[in-house]
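Structural characterization, general
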Amino acid sequence: MKPISVVLLGLGTVGQGVYESLFSHQQKLQEVLGAPVEIAGILVKNKAKQRDVSRSILVTTDIDELLALPQIDVVFEAIVGIEPAYTYIRKFLTKGCHIITANKELLAHKGSELTKYAQEQRRYLTFEAAVAGGIPLLRTLIQLLQVNGIVKIEASLNGTSNYILSKMRKEQAKFQDVLVEAQALGYAEADPSNDILGTDSFYKLMVLSDLIYHQQPKWNDVEKTGITNVTVPHIQLGEKLGLRLKLLASLTSSHDGIHAEVKPVFVSSDHSLYHVEGVDNGIAIHTDLVGTIHLQGPGAGAKATASAMIEDLVYIRQIKDTIAQENVRASQHHVEPTADDLSTWVAVTEETVPEAFHKERLRQYQINLIKREKLNEMEGFLLQGREYDILLFLQSLKLGLLTIYPVSPTGLPPYEKTLTHTLAKSIIN
Ligand SMILES: NC(=O)c1ccc[n+]([C@@H]2O[C@H](COP(=O)([O-])OP(=O)(O)OC[C@H]3O[C@@H](n4cnc5c(N)ncnc54)[C@H](OP(=O)(O)O)[C@@H]3O)[C@@H](O)[C@H]2O)c1
C-alpha cells in the first residue's frame, strides 16, 4: 500500500510529540490507516539546533523545499502565531494537501477563512488539538450539534492558569512564585502572558464560537481578564465559603447574540470545574436536549496534543475512504456525473425525518436548503452545495431508506421533469 506522506511544520513541543508518536505508534497506525505513514520533511526556524531526527528526513528552514516535494498528503502545522503559518497553510492547501493544525491563535483570527479555502480546494483542515489538547472536544461538539442546540459552554481551557490557581490554593503560595515554578516544570512558557492574561483561553473560545455558532462575538465586547491580580487571601476567602477560583471561559448564545468572556470566577463544589485541578482542562457543555455533558483531561503537552493531531489524521483518512466507497457505489448505479460539482443540486426525498434537514445542521456542511415540498406523496428537499459535502451530510444521517436524485446543476430547474434516474437507491445503507 502506498505510504501516507506527511510533513511537519515545527518541531517544538507539539511537533516533536507528533514526530515521536508517529514512530512509537507506527504499527498501530498502519493497521488503522491501511498504509504506513512516512515523514517526508520537517520545517524549523533554527537549523543549528540539535535535534534527534532520522538522517533520512529532510529538515529545512526553507518552506519552498517542502512545497517542492512531489507528493505530500497531509501537513501537521505546529509553529506559533498567525504568520507565517497562515501563508504556509494556504500554499499547502493550494498544492492539494490536507492540514492538521494545533494553532489556536491562527484559527481564532483566520479559521473561517481557511476552512472556506480548504473546502474550495476540497481538502480538510482539522484542528482537534487547538482547543483542550487531548480531550476529544471538537468532535464531541460536532456530533452533539447534529441533534442538540448548544446553549452554553463553561470551561477551564488554560492548563497553566489552572495549575497556578490550584497550587496557590493548596500551598498558599504567591502567584509570582508559582509562575516561576510552572516555567521551570515546562507548564508555562518563557513568555507566559498569553496564558495568564486570558488570551489563550480567549482564542480557544473564538475557535469554539466559530465551530458552534458559525460566527464570533465582536472581540471588543468580550471581557478578558487573566489571573495576574489573584492573591492568596482571595483564594482563601473562597475556600472558607466552599468555593474554588477558576479561570472560566464561557460562551453563551441567546436572542441578542453570542456572549463570551474569560475571567476568574468562584465555582461551588457541585460545579464540574471545581474538581478540575492542576494542568487539566475541563468543559461543561450545556445543551437543549441531552442536558449537560462534562469532559475533563489533559489540555496540553506533547503527547496529549500529538494524540489529538494523529486522531485527526485517522479521521481524514477514514472519511476520505468512506466518500471514495460511496462514489464507487454511486457509479455502480450508472450515474451520470454532475456537470458542476461546486454547485450540485440534489433533490432528496425522505418521509420520516424532516428535522434532519434543519437549516443549522445543513449549514455545518455548507449546504443550502433551496426548496421543500411534496414529491409524489413524499417530502422533498432540494439542496444546493458541492456533491462532496452533500454526500458527507447524507452519510451522517445514517438512514436506511433515503433516495436522492441529482438535478441539473445549471440553476433551479423544474425538477419534477429531471427525476429520471436515481443517484443511489440507498446510498446510506
Ligand atoms: N505546547 C502545547 O502543549 C500546545 C498544545 C496545544 C496547541 N499548541 C499550539 O501548537 C503550536 C506549537 O506549539 P509548541 O508548544 O510546540 O511551540 P514551540 O515549542 O515553541 O515550537 C515551535 C516550533 O515551530 C518552529 N517555528 C517557529 N516559528 C517558525 C517559523 N517562522 N518558521 C519555521 N519554523 C518555525 C520552531 O522552530 P525551532 O525549533 O527552530 O525554534 C519550533 O520547532 C502553537 O500554535 C501552540 O499554540 C501547543
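Note that the structure is a prediction, hence the values are computed from the model and not measured. (Residues numbered from 1 in each chain as written. Predicted model: local features only at pLDDT ≥ 70, side-chain atom pairs only at ≥ 80, totals over all residues. Heavy atoms only, no water.)

Quick look at the overall build of the protein
For the protein, the count of helices and strands is 14 helices and 16 strands. Residues classed as buried in the protein amount to 52% of the 429 residues present. As displayed, the protein offers around 20,300 Å² of accessible surface, 51% of which is attributable to carbon and sulfur atoms. (Helix = DSSP H or I, 4+ residues; strand = E, 2+ residues; numbered from the N terminus. Buried < 20%, exposed > 50% of the residue type's maximum accessible area, 1.4 Å probe, protein only. Areas by Shrake-Rupley, 256 points an atom, 1.4 Å probe, with all protein chains shown as cover.)

Quick notes on the site of the ligand
As a matter of local geometry, the ligand sits amid 22 residues, with Leu 11, Val 14, Asn 46, Arg 51 and Gly 301 nearest to it. The backbone of Gly 12 places a nitrogen or oxygen atom 3.0 Å from an oxygen atom of the ligand. Contacts to the ligand include Gly 301, whose backbone N or O atom sits 2.7 Å from an oxygen atom. Among the residues forming the shell around the ligand, the class breakdown is eleven nonpolar, seven polar and four charged. (Near = heavy atom within 4 Å. Polar contact = N/O pair within 3.5 Å; in protein donor to acceptor, adjacent residues only side chain to side chain. Nonpolar A, V, L, I, M, F, W, Y, C, P; charged D, E, K, R; others polar.)

A short note on the environment of Val 59
Among the secondary structure elements, Val 59 is positioned in strand β3 (residues 58-60). Spatially, the C-alpha atoms of Val 59 and Lys 47 are 7.8 Å apart, while their sequence positions differ by twelve residues. In contact with Val 59, not counting residues within four places along its chain, are Ile 42, Val 44, Lys 47 and Val 53. (Contact = heavy atoms within 4.5 Å.)

Brief notes about the pattern of salt bridges
Enumeration according to the criterion identifies 16 salt bridges in this entry. Of the charged contacts, one joins Glu 171 and Lys 167 as a salt bridge, the two residues approaching to 3.2 Å between their closest N and O atoms. Taken together, the residues span about one helical turn, with Glu 171 and Lys 167 both in helix α7 (residues 159-171) at a distance of four residues. Note on Lys 167: relative accessible area 18%, which makes it buried. Between Glu 277 and Lys 246 there is a salt bridge, and its shortest N-O distance comes to 3.4 Å. Highlighted residues: Glu 277 in the loop between β10 (257-268) and β11 (280-287) and Lys 246 in strand β9 (residues 243-254), separated in sequence by 31 residues. A residue is classified by how much of its surface remains accessible, and Lys 246, at 1% relative accessible area, is buried. (Salt bridge = Lys/Arg side-chain N within 4 Å of Asp/Glu carboxyl O.)

Some remarks on the environment of Ala 155
Counting through the fold element by element, Ala 155 comes out in strand β7 (residues 150-156). For Ala 155, a relative accessible area of 0% corresponds to the buried category. Sequence-wise, Ala 155 and Gly 282 are 127 residues apart; in three dimensions their C-alpha atoms are separated by 5.6 Å. Residues within four places of Ala 155 in sequence aside, it is in contact with Leu 247, Leu 248, Ala 249, Leu 273, Gly 282 and Ile 283.

Quick word on the packing of α7 against helix α8 (residues 175-184)
Viewed as axis vectors pointing N to C, α7 and α8 meet at an angle of 125°, and their least axial separation amounts to 9 Å. As summarised for this structure, α7 and α8 are arranged oblique, according to the angle between their axes. As α7 packs across α8, the resulting crossing turns out to be right-handed. Across the interface between the two elements, Tyr 163, Ile 164, Lys 167 and Met 168 from α7 touch Phe 175, Val 178, Leu 179, Glu 181 and Ala 182 from α8. Classifying every residue of the contact of α7 with α8 gives seven nonpolar, no polar and two charged. (Axes fitted to C-alpha atoms, helices over the stretch in contact; angles between N-to-C directions. Parallel < 35°, antiparallel > 145°, perpendicular 65-115°, else oblique. Left-handed = near helix turned anticlockwise from the far one by under 90°.)

Things to note about unusual backbone geometry
With an omega of 5°, the peptide bond running from Glu 83 to Pro 84 counts as cis. Even without glycine at this site, Ala 132 takes up a positive phi of about 60°. Here Ala 132 shows up in the loop between β6 (125-126) and α6 (137-145).

Focus: the sheet that holds β3
Read from one edge of the open sheet, six strands run β3-β2-β1-β4-β5-β6, paired in parallel fashion. Both edges of this open sheet fall to β3 and β6, since each of them pairs with a single strand only. The sheet contact formed by strand β4 (residues 74-77) and strand β5 (residues 98-101) spans four bridges and is parallel. Bridging across to β5, Glu 77 finds its partner in Thr 101. Relative to β5, helix α4 (residues 85-95) is tilted by about 150°, and along the sheet it contacts β1 (4-9), β2 (37-43), β4, β5 and β6. (Pairing = 2+ DSSP bridges.)

A closer look at the packing of aromatic side chains
By the definition in use, this model includes six aromatic pairs. Taking the centre distance of 4.8 Å and the plane angle of 65° together, the rings of Tyr 163 and Tyr 187 count as edge-to-face. Taken together, the positions of Tyr 163 in helix α7 and Tyr 187 in the loop between α8 and α9 (193-196) put the pair 24 residues apart, joining distant regions of the chain. Residue Tyr 187 is classed as partly exposed on the basis of its relative accessible area, which comes to 38%. A centroid spacing of 4.9 Å and a plane angle of 90° characterise the contact between Phe 202 and Trp 219, whose relative ring orientation is edge-to-face. With a gap of 17 residues between them, Phe 202 in helix α10 (residues 199-213) and Trp 219 in the loop between α10 and β8 (223-224) connect regions that are remote in the sequence. The class for Phe 202 is buried, based on a relative accessible area of 5%. Residue Trp 219 is classed as partly exposed on the basis of its relative accessible area of 29%. Members of the aromatic cluster, connected to one another through ring pairs, are Phe 202, Tyr 203 and Trp 219. Over the aromatic face of Tyr 117 sits the side chain of Arg 90, whose NZ or CZ is 3.9 Å from the ring centroid. Lying across the ring of Tyr 315, Arg 139 places its NZ or CZ 4.8 Å from the centre. (Phe/Tyr/Trp six-rings, centres within 6.5 Å; stacked < 30°, edge-to-face > 60°. Lys NZ or Arg CZ within 6 Å of the ring centre and 35° of its normal.)

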